[in-house]
Amino acid sequence: MYWLTALFVLLFGGCSASNLTEVERLYENLLKNYNKYVRPLDTSAAPVVVNASFYLVGVKEFDEVNGMFSVTGFLRVTWKDSRLQWDPSSYGGLQYLELPEIMPWIPNISLLNPFVKVESIAKGVSPVRFSSTGVAIWLPGNVLSSRCEVDVTKYPFDTQTCRMLFGCWGYPSSSIVVQAPDPEVNLFYFIEHDTWEIVEQRAYTVSDLFLTYVSVDFTMKRHPGFAIINVIAPMILLLLLNMFVFILPTDSGERLSFAVTLLLAIAVFLTIVEDNLPPTSDPISLLSYFVLADLGISSFICFVVVMGLAIYSKDQSPVPNWLSQTAKAFCYRKRNTKIKSENDLREENEDGEDLLVTWKMVSSCIDTFMIIFCMLFVIFSNVLFFMLVTL
């Protein structure tokens with residue numbers, strides 16, 4: 001029974017069981033002739049001042065494709081209603097009174113930039129706590145979803161800023177003023193998200209020609225580990241595997257199938273990346289360009305493999321002089337060795353300018369050139385991508 005007594009004390013401000021009659025009498029006296037549809041005005045010229053502080057419980061979802069930002073949280077809303085104030089000494093020292101949400105006047109605070117539709121956050125489940133001075137404290141909470149502009153240029157190293165606007169829809173600034181008493185969002189109840197980290201948050205009052213409302217801004221940074229392990233790292237490995245197609249023996253017959261398989265794998269990764277990004281043309285993620293560049297180089301490798309196979313099988317006709325000289329210059333340079341025997345002379349003849357270059361030797365020279373080219377492309381593309389997305 002002790003916990004029942006403690007709960008009763010918490011709800012009714014320390015009143016004992018003998019004060020129950022006083023609570024009922026106060027309830028009847030306060031609500032007699034009370035009109036909840038009339039704003040609590042001290043003077044007709046002054047607006048009702050409503051203070052709204054936001055408490056963030058957690059980030060529920062951030063849908064980059066549809067631009068939806070969804071959080072779980074609640075507002076601490078305070079205002080003064082002089083019609084609901086009393087003298088505590090007349091009611092057994094009673095300092096506080098809880099009323100159901102539907103009984104007193106409450107500000108119809110709404111999320112002004114919702115993802116679906118504008119509606120009041122009042123759901124009839126949160127009681128309103130009044131003090132003897134007429135100050136009301138109301139804690140409405142819900143899962144709130146707003147529309148957010150998404151910038152995925154640096155995905156998955158991106159930072160997003162989303163905004164939630166709270167105000168009394170339909171009431172001009174001359175009637176109700178909703179203001180932020182605290183410059184920051186309260187994170188006492190906040191639970192960390194596994195994908196997004198809140199790096200900055202603030203709350204401030206905005207006044208325009210029609211409304212005075214509270215803007216709550218969140219700046220979030222993505223944890224890139226998932227995308228690195230599941231998208232970027234496999235892409236780099238596939239690009240490295242592309243080089244090894246030129247190490248396979250031409251006579252094995254597996255070069256073309258190997259290159260085409262890698263091309264299809266990169267195309268699949270491109271679709272995976274696009275499915276996780278918003279379907280917009282501006283801005284386009286740098287990761288999309290990175291995957292597209294990998295797809296382009298893989299297509300070029302397939303083309304070179306086909307041309308290399310055609311060249312390798314072209315032994316009947318002589319190699320043109322310009323192509324022969326190019327192959328000698330890049331792949332079969334003369335070795336600087338001293339000639340001391342007929343064997344050395346024979347080696348010089350084989351490696352020198354009079355060396356007869358065949359189509360198979362040209363194909364081998366192309367393979368060497370493509371291995372070096374692909375290695376340089378992998379280094380350059382990866383360094384450039386990580387520099388752009390992390391700056």
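Keep in mind that this is a model prediction, so the values were computed, not measured.

Asker: Quick rundown of the overall build of the protein? Include the residues and the values.
Answerer: Check the secondary structure of the protein and you find 8 helices and 11 strands. Relative to its full complement of 391 residues, the protein shows a buried share of 41%. Considering only contacts in the protein between residues 6 or more positions apart, those separated by 24 or more positions represent 74%. Approximately 21900 Å² of the protein is accessible, and the part contributed by carbon and sulfur atoms is 61%.

Asker: Requested: an account of the nonpolar core, with residues and values cited.
Answerer: Of all hydrophobic cores here, the largest spans 87 residues; its most connected members are Phe54, Phe69, Trp79, Phe166 and Leu287. In contact with Phe69, other than residues within four places in its own chain, are Val59, Glu61, Phe62, Leu144, Ser145, Ser146, Cys148, Cys162, Met164, Phe218 and Met220. With 8 residues, the next largest nonpolar core counts Ile311, Val319, Trp359 and Val362 among its residues.

Asker: Explain the packing of aromatic side chains residue by residue, including any values.
Answerer: Following the criterion strictly, the structure yields 17 aromatic pairs and no others. For the ring pair Phe54 and Phe166, a centre distance of 5.5 Å and an interplane angle of 25° mean the geometry is stacked. Pair noted here: Phe54 is in strand β1 (residues 48-63) and Phe166 is in strand β8 (residues 159-168), with a separation of 112 residues, a long-range link. Ring centres of Phe369 and Phe373 lie 6.3 Å apart, and the angle between their planes is 15°; on these two criteria the pair is classed as stacked.

Asker: Report on the side chain of Gln160, specifying residues and quantitative values.
Answerer: Along the chain, the position of Gln160 falls in strand β8. Judged by relative accessible area, which is 1%, Gln160 ranks as buried. Among the polar contacts listed, one links the side chain of Gln160 to the backbone oxygen of Asp151, at a separation of 2.6 Å. Within the structure, Gln160 has its side chain in polar contact with the side chain of Asp158 (distance 2.8 Å).

Asker: For the sheet that holds strand β4 (residues 109-111), give the residues involved together with the corresponding values.
Answerer: Either a parallel or an antiparallel arrangement is found when strands of a sheet pair, and the pairing is made through backbone hydrogen bonds. Sheet architecture is open: 4 strands sit in the order β4-β8-β11-β10, paired in antiparallel fashion. Single-partner strands in this sheet number two, and they are β4 and β10 (196-207). Going across the sheet, the axis of each strand differs from the next one's by a mean of 20°, ignoring polarity. As paired elements, β4 and β8 share 3 bridges and run antiparallel to each other. When the bridges of β8 are listed, Ile109 appears paired with Cys168.

Asker: Give a description of the packing of helix α5 (residues 286-312) against helix α8 (residues 359-390) that names residues and reports values.
Answerer: Interhelical geometry of α5 versus α8 gives an angle of 180° and a closest axis separation of 10 Å. Considering the angle they form, α5 stands roughly antiparallel to α8. A class-by-class count of the residues in the contact of α5 with α8 yields 20 nonpolar, 4 polar and 2 charged.

Asker: Residues and numbers for helix α3 (residues 225-243), please.
Answerer: Taking 1.5 Å of rise per residue, the 19 residues of α3 would be expected to cover 27 Å, and the 26 Å separating its terminal C-alpha atoms lies within 8% of that figure. In α3, a bend of some 30° at Ile232 exceeds every other bend along the element, and Pro234, a proline, comes one to four places later. Of all the positions in α3, only Ala227, Val231, Ile232, Pro234, Met235, Leu238, Leu239, Asn242 and Met243 are classed as buried. On its buried face, α3 sits against α4 (255-275), α5 and α8.

Asker: Describe the pattern of salt bridges, with residues and values.
Answerer: Oppositely charged side chains are able to pair whenever their charged atoms sit close together. For the structure shown, the criterion picks out 9 salt bridges. We note a salt bridge from Asp217 to Arg163, for which the minimum N-O separation is 3.0 Å. In this pair, Asp217 is assigned in strand β11 (residues 212-222) and Arg163 in strand β8, connecting sequence segments 54 residues apart. With a relative accessible area of 5%, Asp217 lands in the buried category. Between Asp367 and Arg255 there is a salt bridge, and its shortest N-O distance comes to 2.7 Å. One end of the pair, Asp367, is in helix α8; the other, Arg255, is in helix α4, with 112 residues separating them in the sequence. In this pair, the class of Asp367 matches that of Arg255, namely buried. Sharing partners across several salt bridges, the network here consists of Glu64, Asp158 and Arg222.

Asker: Requested: an account of the state of the cysteines, with residues and values cited.
Answerer: Evaluation of the coordinates by the stated rule reveals 1 disulfide. The partner cysteine of Cys148 in its disulfide is Cys162, sulfur to sulfur 2.1 Å. What sets the handedness of the Cys148 and Cys162 disulfide is the S-S torsion sign, and at about -85° it is left-handed. Residue Cys148 is found in the loop between β7 (141-147) and β8, and its partner Cys162 is found in strand β8; the two are separated by 14 residues along the sequence. The exposure classification of Cys148 matches that of Cys162, with both residues buried.

Asker: Tell me about the environment of Ala259, and name the residues and values.
Answerer: Mapped onto the elements of the fold, Ala259 is located in helix α4. Judged by its relative accessible area of 0%, Ala259 is buried. Distance from Ala259 to Asn242, taken between C-alpha atoms, is 6.7 Å for residues 17 residues apart in sequence. Residues within four places of Ala259 in sequence aside, it is in contact with Val245, Ser298, Cys302 and Val305.

Rules behind the numbers
Residues numbered from 1 in each chain as written. Predicted model: local features only at pLDDT ≥ 70, side-chain atom pairs only at ≥ 80, totals over all residues. Heavy atoms only, no water. Helix = DSSP H or I, 4+ residues; strand = E, 2+ residues; numbered from the N terminus. Buried < 20%, exposed > 50% of the residue type's maximum accessible area, 1.4 Å probe, protein only. Contact = heavy atoms within 4.5 Å. Areas by Shrake-Rupley, 256 points an atom, 1.4 Å probe, with all protein chains shown as cover. Core = buried A, V, L, I, M, F, W, Y, C linked by side-chain atoms within 4.5 Å. Phe/Tyr/Trp six-rings, centres within 6.5 Å; stacked < 30°, edge-to-face > 60°. Polar contact = N/O pair within 3.5 Å; in protein donor to acceptor, adjacent residues only side chain to side chain. Pairing = 2+ DSSP bridges. Axes fitted to C-alpha atoms, helices over the stretch in contact; angles between N-to-C directions. Parallel < 35°, antiparallel > 145°, perpendicular 65-115°, else oblique. Nonpolar A, V, L, I, M, F, W, Y, C, P; charged D, E, K, R; others polar. Expected span 1.5 Å × (residues − 1). Bend = angle between axes of the 7 residues up to and from the residue. Salt bridge = Lys/Arg side-chain N within 4 Å of Asp/Glu carboxyl O. Disulfide = S-S within 2.5 Å.

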